[in-house]
Amino acid sequence: MLSLEFIRANPDAVRRAGELKGEAAPVDEILRLDGVWRGHQHRAETIREEQNKLSKQFAETRDESLKERLREMASTAKTELSVADAVKRELDDLLLRVPNVFHESVPVGETEAENVVIREWGTKPDLGFVPRTHFDLGEALGVMDFERAARVSGSRFAFLIAEGARLERALVQFMLDVHTREHGYVEVWSPMLVSSAAMVGTANLPKFADQAFKVEDRDLWLIPTAEVPVTNLHREEILDGERLPLKYVSYAPSWRTEAGAAGKDTRGFIRMHQFSKVELVKVTTVETSLDEFEKLTRDAEDILQRLGLHYNVLAMCTGDMGFAQYKKYDLNAWAPGLDRYLEVSSCSVFNDFQARRANIRYRPSRGAPPKFAHTINGSGLALPRTIDAIMETYQRSDGMITVPDVLKPYMGGVELIGAR
RNA sequence: GGGGAGGUGGCUGAGUGGCCGAAAGCACCCGCCUGCUAAGCGGGUAGGGGGUGUAAAGCUCCCUCGAGGGUUCGAAUCCCUCCCUUCCCGCCA
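Conventions adopted
Residues numbered from 1 in each chain as written. Chains lettered and ligands numbered in written order. Predicted model: local features only at pLDDT ≥ 70, side-chain atom pairs only at ≥ 80, totals over all residues. Heavy atoms only, no water. Disulfide = S-S within 2.5 Å. Buried < 20%, exposed > 50% of the residue type's maximum accessible area, 1.4 Å probe, protein only. Patch = residues over 30% accessible without salt bridge, like charges linked within 9 Å, V, L, I, M, F, W, Y side chains within 5 Å. Areas by Shrake-Rupley, 256 points an atom, 1.4 Å probe, with all protein chains shown as cover. Salt bridge = Lys/Arg side-chain N within 4 Å of Asp/Glu carboxyl O. Helix = DSSP H or I, 4+ residues; strand = E, 2+ residues; numbered from the N terminus. Pairing = 2+ DSSP bridges. Axes fitted to C-alpha atoms, helices over the stretch in contact; angles between N-to-C directions. Parallel < 35°, antiparallel > 145°, perpendicular 65-115°, else oblique. Left-handed = near helix turned anticlockwise from the far one by under 90°. Nonpolar A, V, L, I, M, F, W, Y, C, P; charged D, E, K, R; others polar. Domains from an automatic or database assignment. Phe/Tyr/Trp six-rings, centres within 6.5 Å; stacked < 30°, edge-to-face > 60°. Arc of directions from axis to C-beta. Contact = heavy atoms within 4.5 Å.

Caption draft 1: Looking closely at the state of the cysteines. This model, assessed by the stated rule, comprises 0 disulfides. We note that cysteine 317 lacks a disulfide partner, and the nearest cysteine sulfur, in cysteine 347, lies 17 Å from it. Look at cysteine 317 and you get buried, because its relative accessible area is 0%.

Caption draft 2: Fine view of a nonpolar patch on the surface. Together, Val152, Phe159 and Ile161 line one region of the surface with nonpolar side chains, adding up to about 250 Å² of accessible area. In this fold, phenylalanine 159 is placed in strand β3 (residues 159-160).

Caption draft 3: Quick peek at the pattern of salt bridges. Following the criterion strictly, the structure yields 30 salt bridges and no others. Taking the shortest distance from any N to any O, the salt bridge between aspartate 265 and arginine 340 comes out at 2.6 Å. Of this pair, aspartate 265 sits in the loop between β8 (246-255) and β9 (274-284) while arginine 340 sits in strand β12 (residues 340-351); the two residues are 75 residues apart in sequence, bridging distant segments of the chain. Linked through salt bridges whose partners overlap, the residues forming this network are Glu258, Asp265, Arg271 and Arg340.

Caption draft 4: Local environment of the sheet that holds strand β7 (residues 237-240). If you walk across this open sheet you meet the 3 strands as β7-β13-β14, and the pairing is mixed. With one partner strand each, in any of the chains shown, β7 and β14 (371-372) form the two edges of the open sheet. Relative to strand β13 (residues 360-363), β7 runs parallel, the two being bridged by 4 bridges. Across the sheet, isoleucine 238 pairs through a bridge with arginine 361, a residue of β13.

Caption draft 5: Molecular detail of the packing of helix α3 (residues 27-61) against helix α4 (residues 67-95). Between α3 and α4, the least distance of the axes is 8 Å, while the angle of their chain directions is 155°. Comparing their axes, α4 and α3 come out roughly antiparallel. Between α3 and α4 the crossing geometry is left-handed. Tallied by class, residues from the contact of α3 with α4 come to 19 nonpolar, 5 polar and 10 charged.

Caption draft 6: Region of interest: the sheet that holds strand β15 (residues 374-382). Overall, mixed pairing links the 8 strands, which are arranged β1-β10-β11-β12-β15-β9-β8-β4 in an open sheet. The sheet terminates laterally at β1 (116-121) and β4 (186-188), the two strands that pair on one side only. In this sheet, neighbouring strand axes are inclined to one another by 25° on average, regardless of whether the strands run parallel or antiparallel. Bridge analysis of strand β11 (residues 327-335) against β12 gives 9 bridges, and the strand direction is antiparallel. When the sheet's bridge partners are listed, tyrosine 329 is paired in β12 with cysteine 347.

Caption draft 7: Structural detail: the domain arrangement of chain A. Segmenting chain A into domains produces domain 1 (4-95) and domain 2 (112-417). Computed over C-alpha atoms, the centres of domain 1 and domain 2 are 42 Å apart.

Caption draft 8: Layout of the packing of aromatic side chains. Tallied over the entire structure, the rule returns 7 aromatic pairs. When the ring of phenylalanine 174 is compared with that of tyrosine 410, the centres are 6.2 Å apart and the planes differ by 65°; the resulting orientation is edge-to-face. Highlighted residues: phenylalanine 174 in helix α7 (residues 163-182) and tyrosine 410 in the loop between β16 (401-402) and β17 (416-417), separated in sequence by 236 residues. Residue phenylalanine 174 shares its accessibility class with tyrosine 410, and that shared class is buried.

Caption draft 9: Representation of helix α2 (residues 11-21) in the model. Inspection of α2 places Pro11, Val14, Ala17, Gly18 and Lys21 among the buried residues, and these make up the whole buried set. Considered in projection along α2, the buried side chains sweep an arc of 130° and stay on one side of the axis. Turned more than 90 degrees from where α2 packs its buried face, Asp12 and Glu19 sit exposed. Residues of α2 that are buried in the fold lie against α1 (4-9), α3 and α11 (318-321).

What follows is the structure, encoded as structure tokens:
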């Protein structure tokens, strides 16, 4: 969230950011409540001050005549404070719904059509035959099964079978190995159910409650991404500034309701209620976050390059970028069978928007007062669509799929899917 | 699930009604001393918020000893509820 201080000082900037993001920010109501809250707070404190003085006097003099007045002051202060608290809660609730501002380099636009391609890698492969879709190939090879998954769990679920399951595991291993050994990330295995407080920390709550699965009768949510537990890893902490940035990589299944996406991407292994993802998370200082964000994006791109997949990088425009992000890039891999790009990664920098919610701070140097950290995350990568791009890019005219070189060491001797 | 112990500052840890936002130690910072290092000596070092201030600094007040509520003129300290940690027993992948 944004600080009250910032909103007080820059109400117009906050309003404008809200409009461009398509998320009306209740700035006026916030400023009004801020005044009300401070009024009550101030009155309560003035009474308390007086009360504390008298109370000390009473301790010395034991003057019983003071008691009645003290009792009265105590109760007035309490009332005043409870009003202040109620207003503050209302205020905090509104603050959680104010979208983040964005970096000056973010393109202004309303829809995804106004996103900007900032770079491309590779070219669309010419296979020499009409490419098939991954679900066509997957079902024919018996490595993907959507029909049985629907019987077991409903739509938007899948079984991966035999080399399909093996490919998924190989990719996870490969990505984790590259990020830990070559990019310097620390591997994390995290809880996959998290509290509401953690969801608020990453800004998945309160605004996006309908996007996540909630456990009945408990304050627990299935994680929509490993970003949630890993970003919250250091919640309520004051970190040593000299040890930043912290770099984490975490493999976890992710669960999403996909509310509002009815009818979209219903065929294939694209938009699932449950999917695997290797997530990159950084906690940085204020000064280095933009730079670390660019580097994190490159780390994710490196995986696509090693897999030999053609992709592009899009800078998200204001309207397509999201509530909490300060700046965001999407990585889209080319899927020849579907004849379109698939979003396989989304990399974002939040500045202190999440850190403020999760109360993640650091001390820039010894003795210096703490500051809110900056957080960054990005998929490195999301599995289903990466699998799709691989299957469609590496398919042969006979319907079998060549395993990319970098995955061979992880495939237990399988070099060609479908050769069984 | 049953029973016991416990949650205090960056860390260890004392504190059972006002003299406590908190002893002592560690760590760290500044200064002194020393040819250098170590040791020694002196001082400093929790977080959040309000008011004042053009801002920084400063001054000042309020709140915070796991969270919330209660008793009391006054709570780290007493009472209640919840959360968490830990030990023993039971159950169990």
